[in-house]
Amino acid sequence: MKRMTMNNKDNSPSALKRWIYKIIAVLSLGMAVLGILLPGLPATEFIMLAAWAAAKGSPTIHHWIMSVPYFKNIIDNWRNGGMISRANKIQSAISMLCCLGVLIIMHVPVKLILLAAVGMSIGAFFIWRRPEHASLVSDKVL
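Because the structure is a prediction, the values reported are computed rather than measured.

## Quick word on the overall build of the protein
Thinking step 1. When helices and strands are tallied, the protein shows six helices and zero strands.
Thinking step 2. Element order for the protein, N to C, with α for helix and β for strand: α-α-α-α-α-α.
Thinking step 3. In the protein, which comprises 142 residues, the share counted as buried stands at 24%.
Thinking step 4. Across the protein, contacts joining residues at least 24 apart in sequence account for 54% of those joining residues at least 6 apart.
Thinking step 5. Surface summary for the protein: the accessible area is close to 10500 Å², and the carbon and sulfur share equals 69%.

What follows is the structure, given as structure tokens:
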């Protein structure tokens, strides 16, 4: 029986983990792009997941993600206090309204429309409660 050694990079657990992180990053990035194009599919969460996985599995992919201004702004805002920009909030609201409109136009059963509306309302509530700007720390001495 052959023993696995840490010198063999192809069989090491860390190499396997890096590949898993790379796959998660690429799939999440693809879902994020779809989320930008399709109303109702979230983009921000997939961008965050892609950046996290890429940071662990592929510096090249992570560098590329951080070089795209749209992605970088979202990631930087989230890292700096969980902020969501006003533009992204508006884009999310419009996207949710479009989705709801499509459901109504397609004559989806009312129960499903209500379920979707409740889910979108919860999502909108969370999004609109997030800060848009970092709060300034007061210089006053307590």
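## Notes on the UniProt feature "transmembrane region" (unreviewed entry) in the protein
Thinking step 1. UniProt marks residues 20-40 and 112-128 with the feature "transmembrane region" (unreviewed entry), using the numbering shown here.
Thinking step 2. In this annotation, residues 112-128 is assigned 100% helix and 0% strand; the end-to-end C-alpha distance for the span is 24 Å.

## Section: the packing of helix H5 (residues 86-105) against helix H6 (residues 110-129)
Thinking step 1. Relative orientation of the contacting elements H5 and H6 amounts to 175°, with a least axis distance of 11 Å. With respect to their mutual orientation, H5 and H6 come out roughly antiparallel. Residues Arg86, Lys89, Ile90, Ser92, Ala93, Met96, Cys99, Leu100, Leu103 and Ile104 of H5 lie in contact with H6, whose contacting residues are Ile113, Ala116, Ala117, Met120, Gly123, Ala124, Ile127 and Trp128.
Thinking step 2. In the contact of H5 with H6, the residues fall into 14 nonpolar, two polar and two charged.

## Remarks on the packing of helix H2 (residues 44-57) against helix H3 (residues 59-67)
Thinking step 1. Across the interface, H2 lies against H3 with an axial gap of 6 Å and an inter-helix angle of 145°. In terms of crossing hand, the pair formed by H2 and H3 is left-handed. On the side of H2, the interface is formed by Ala50, Ala51, Ala54, Ala55 and Gly57, while H3 contributes Pro59, Ile61, His62 and Ile65.
Thinking step 2. Here the contact of H2 with H3 is built from residues that sort into seven nonpolar, two polar and no charged.

## Things to note about the packing of aromatic side chains
Thinking step 1. Scanning the model with the defined rule gives three aromatic pairs in all.
Thinking step 2. Taken together, a centroid distance of 5.5 Å and an interplanar angle of 90° make the contact between Tyr21 and Trp52 edge-to-face. With Tyr21 in helix H1 (residues 13-37) and Trp52 in helix H2, this pair connects stretches of sequence that are 31 residues apart.
Thinking step 3. Clustering of aromatic rings is evident, with ring pairs tying together Trp64, Tyr70 and Phe71.

Conventions and cut-offs
Residues numbered from 1 in each chain as written. Predicted model: local features only at pLDDT ≥ 70, side-chain atom pairs only at ≥ 80, totals over all residues. Heavy atoms only, no water. Helix = DSSP H or I, 4+ residues; strand = E, 2+ residues; numbered from the N terminus. Buried < 20%, exposed > 50% of the residue type's maximum accessible area, 1.4 Å probe, protein only. Contact = heavy atoms within 4.5 Å. Areas by Shrake-Rupley, 256 points an atom, 1.4 Å probe, with all protein chains shown as cover. UniProt positions renumbered as here; feature names shortened; annotations may be inferred. Axes fitted to C-alpha atoms, helices over the stretch in contact; angles between N-to-C directions. Parallel < 35°, antiparallel > 145°, perpendicular 65-115°, else oblique. Nonpolar A, V, L, I, M, F, W, Y, C, P; charged D, E, K, R; others polar. Left-handed = near helix turned anticlockwise from the far one by under 90°. Phe/Tyr/Trp six-rings, centres within 6.5 Å; stacked < 30°, edge-to-face > 60°.

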